[in-house]
Amino acid sequence: MPWSILPLRTAGLLSNRWGFAVASAIGSDHVRNDLPCQDAHLCEVDEGADGEILIAAVADGAGSASHSDAGAEEACRSFAKVARELLQSQSDPALWPRETGLVIATAVHEAAVRLAEELAVGVRDLASTLVATVVGPSGAAFFQVGDGAMVTPADEEGIWAWIHWPHQGEYANTTTFVTHQVDLQEFQFDTTDHVVDEIAVFSDGLQHLVLRMAERAVQDVWFEKMMPPIRHRSEAGLYEDLSASLAAYLGSSIVSARTSDDITLILASRR
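Residues numbered from 1 in each chain as written. Predicted model: local features only at pLDDT ≥ 70, side-chain atom pairs only at ≥ 80, totals over all residues. Heavy atoms only, no water.

(A) The pattern of salt bridges, seen in detail. A full pass over the atoms with the stated rule returns eleven salt bridges. For R32, the salt bridge is made with D29, and the minimal N-O distance between the two is 2.4 Å. A residue pair is termed a helical-turn pair when its members lie 3 or 4 positions apart in one helix, as R32 and D29 do in helix α1 (residues 28-32) at three residues. Owing to a relative accessible area of 29%, D29 belongs among the partly exposed residues under this scheme. In this structure, the salt-bridge partner of E215 is R212, at a minimum N-O distance of 3.1 Å. Look at R212 and you get partly exposed, because its relative accessible area is 27%. Members of the salt-bridge network, linked through shared partners, are E198, E224, R231 and R271. (Salt bridge = Lys/Arg side-chain N within 4 Å of Asp/Glu carboxyl O. Helix = DSSP H or I, 4+ residues; strand = E, 2+ residues; numbered from the N terminus. Buried < 20%, exposed > 50% of the residue type's maximum accessible area, 1.4 Å probe, protein only.)

See below:
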């Protein structure tokens, strides 16, 4: 179910500190075809006036694009850069207007154009999707172009909800790329003034494992099994040991038996 029809968690935060684990794993199809991992991720915590702000992004480079791994990395970097700039003028992402989505999309595309010029390739050779969020102490902004998804707990009973449903193109196995110039119909941007204290961001390689696609619902049990190690840490910041364990799991035969694509996952919890 979509997060917008349910109240997100509004319980008081204990310490307002973010902890997170992040990992990418190369897909078996990429190994077979001698391709690099074309996913990228970025997760950082910035200090805001009222507390910590989480900036998280996952990008998935198109398998058919020759430099999409570089495009995915640039999409994450440029998103974080424009997010930090936006926070300078409005520190609460919950108050960012709808037009902010176009500002983000334009900034990411322009960064891709500059990178294409540096690499002497076409911007379409950098094709990548982008799923990203900025979470402040009292609200959040969500941005997405293409497939992949973000999910968050919708209540205290282990029910999870998706933020934006993965975007599928006109034909099977196609989508939209943030590195191309996108219009108002091709990006998704929303904000909430509810407290978001946990979130997962992932690329499309994982979506068929953790989303019930026909029902447009989240596999709640999967996330409730994955989140406790993140929730129960008392320290903050990047959990390197949990990130290593997560990478091992995503690259395991258990997961590769169900998907042959690259996989990226960010798990973050604020305590």
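(B) Representation of the sheet that holds strand β12 (residues 237-238) within the structure. Here we have six strands laid out as an open sheet, ordered β7-β6-β9-β13-β1-β12, and mixed in their pairing. The open sheet terminates on both sides in strands that have one partner only, identified here as β7 (160-162) and β12. By the bridge criterion, three bridges tie strand β6 (residues 149-153) to strand β9 (residues 198-202) in an arrangement that is antiparallel. Among the inter-strand pairings, A149 is bridged to a residue of β9, identified as F202. Lying over the sheet, helix α7 (residues 240-250) contacts β1 (18-25), β12 and β13 (263-270), oriented at roughly 30 degrees with respect to β1. (Pairing = 2+ DSSP bridges. Contact = heavy atoms within 4.5 Å. Axes fitted to C-alpha atoms, helices over the stretch in contact; angles between N-to-C directions.)

(C) Structural detail: the pairing of strand β2 (residues 39-48). Here ten bridges tie β2 to strand β3 (residues 51-60), and the two strands are oriented antiparallel to one another. The partner of D46 across the bridge, within β3, is I53. In this antiparallel pair of consecutive strands, β2 and β3, the connection spans two residues.

(D) Up close: the side chain of R270. Positionally, R270 belongs in strand β13. One buried charged residue, R270, remains without a salt bridge, the closest side chain of opposite sign being D197 at 6.6 Å. Within the structure, R270 has its side chain in polar contact with the backbone oxygen of V196 (distance 2.8 Å). (Lys, Arg positive; Asp, Glu negative; His and termini not counted. Polar contact = N/O pair within 3.5 Å; in protein donor to acceptor, adjacent residues only side chain to side chain.)

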